[in-house]
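Chain by chain, the residues:
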Amino acid sequence: MSLPIDIDRFCRTLIREAPDAIIFADAEGVIRFWNRGAERIFGFAEAEALGESLDIIIPENLRARHWEGFSATMRSGSTRYGSGEILAVPALRKDGRRISIEFTIVPFRDDQARMIGIAAMLRDVTARFEEMRTLRRELAQRARDQTSASE
């Protein structure tokens, strides 16, 4: 049974138009692919992001840790985040605002199985993160209020 659409066109359209960010960075951490979801989430147009370091979306205080893990993945070819595990981290928008993202990665290898880069699928979860933080604060306050009332 064949698909009623051209599978290559389907894949290109899906990746380009996905509402989640899809980014590919080469082995040096230079952005080589940036979809419309990435434009929406991070605020950089494709032309602004392509050829730039991933540092444009990584908060400065997290860069050393990021590059340590990125380099280890490029050297070893393995990562704990390549099996569908979701990582939640802060990220930066073009306007300097910090957001909360969740992402998974897909390592890419050449024909000799050498690492050539990593694709990441990222989702902005800032609203959910803020809701959870507010709920935690409210629960903590209720617990303090109940403790004070029982004393």
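Residues numbered from 1 in each chain as written. Predicted model: local features only at pLDDT ≥ 70, side-chain atom pairs only at ≥ 80, totals over all residues. Heavy atoms only, no water.

Thoughts on the nonpolar core
- Counting residues in hydrophobic clusters, the biggest one holds 27 residues, and the most contacted among them are Ile-23, Trp-34, Phe-42, Ile-57 and Leu-122.
- If you list the elements that add at least two residues to this core, you get β1 (21-26), β2 (31-34), α2 (36-42), α4 (63-76), β3 (87-92), β4 (98-109) and β5 (115-124). (Core = buried A, V, L, I, M, F, W, Y, C linked by side-chain atoms within 4.5 Å. Buried < 20%, exposed > 50% of the residue type's maximum accessible area, 1.4 Å probe, protein only. Helix = DSSP H or I, 4+ residues; strand = E, 2+ residues; numbered from the N terminus.)

Side note on the sheet that holds β4
- The five strands lie next to each other as β2-β1-β5-β4-β3, forming an open sheet whose pairing is antiparallel. Of all the strands in the sheet, the pair left with one neighbour each is β2 and β3. Direction aside, the axes of adjacent strands within the sheet are offset by 35° on average.
- Of the strand pairs in this sheet, β4 and β5 are connected by nine bridges, and their pairing is antiparallel. Within the sheet, the bridge partner assigned to Val-106 lies in β5 and is Ala-119.
- Sheet strands in contact with α4 are β1, β3 and β5, and its direction is about 135° off that of β5. (Pairing = 2+ DSSP bridges. Axes fitted to C-alpha atoms, helices over the stretch in contact; angles between N-to-C directions. Contact = heavy atoms within 4.5 Å.)

Considerations on the pairing of β2
- With three bridges joining them, β1 and β2 adopt antiparallel strand pairing. By the bridge assignment for β2, Ala-25 is matched with Ile-31.
- Between β1 and β2, which pair antiparallel in sequence order, lie four residues; one of them, Gly-29, sits at a positive phi of approximately 85°.

As for unusual backbone geometry
- Of note in this structure, Ala-113 is not a glycine but carries a positive phi near 70°.
- Within the secondary structure, Ala-113 is located in the loop between β4 and β5.

Quick word on a nonpolar patch on the surface
- The grouping of Ile-5, Ile-7, Phe-10, Leu-14 and Ile-15 at the surface amounts to a nonpolar patch, some 430 Å² of accessible area in total.
- Counting through the fold element by element, Ile-5 comes out in the segment before α1 (7-17). (Patch = residues over 30% accessible without salt bridge, like charges linked within 9 Å, V, L, I, M, F, W, Y side chains within 5 Å. Areas by Shrake-Rupley, 256 points an atom, 1.4 Å probe, with all protein chains shown as cover. Salt bridge = Lys/Arg side-chain N within 4 Å of Asp/Glu carboxyl O.)

Topic: the confidence of the model for the protein
- Confidence along the protein averages 90 in pLDDT terms, with 94% of residues attaining 70 or more.
- Within the protein, β2 carries the highest mean pLDDT (98), whereas helix α5 (residues 126-150) carries the lowest (79). (pLDDT = per-residue confidence, 0-100.)

Focus on the pattern of salt bridges
- Within this structure, the stated rule accounts for nine salt bridges.
- Of the charged contacts in the structure, one is a salt bridge between Asp-110 and Arg-114, with a shortest N-O distance of 2.9 Å.
- One network of salt bridges, in which partners are shared, links Arg-16, Glu-17 and Arg-36.

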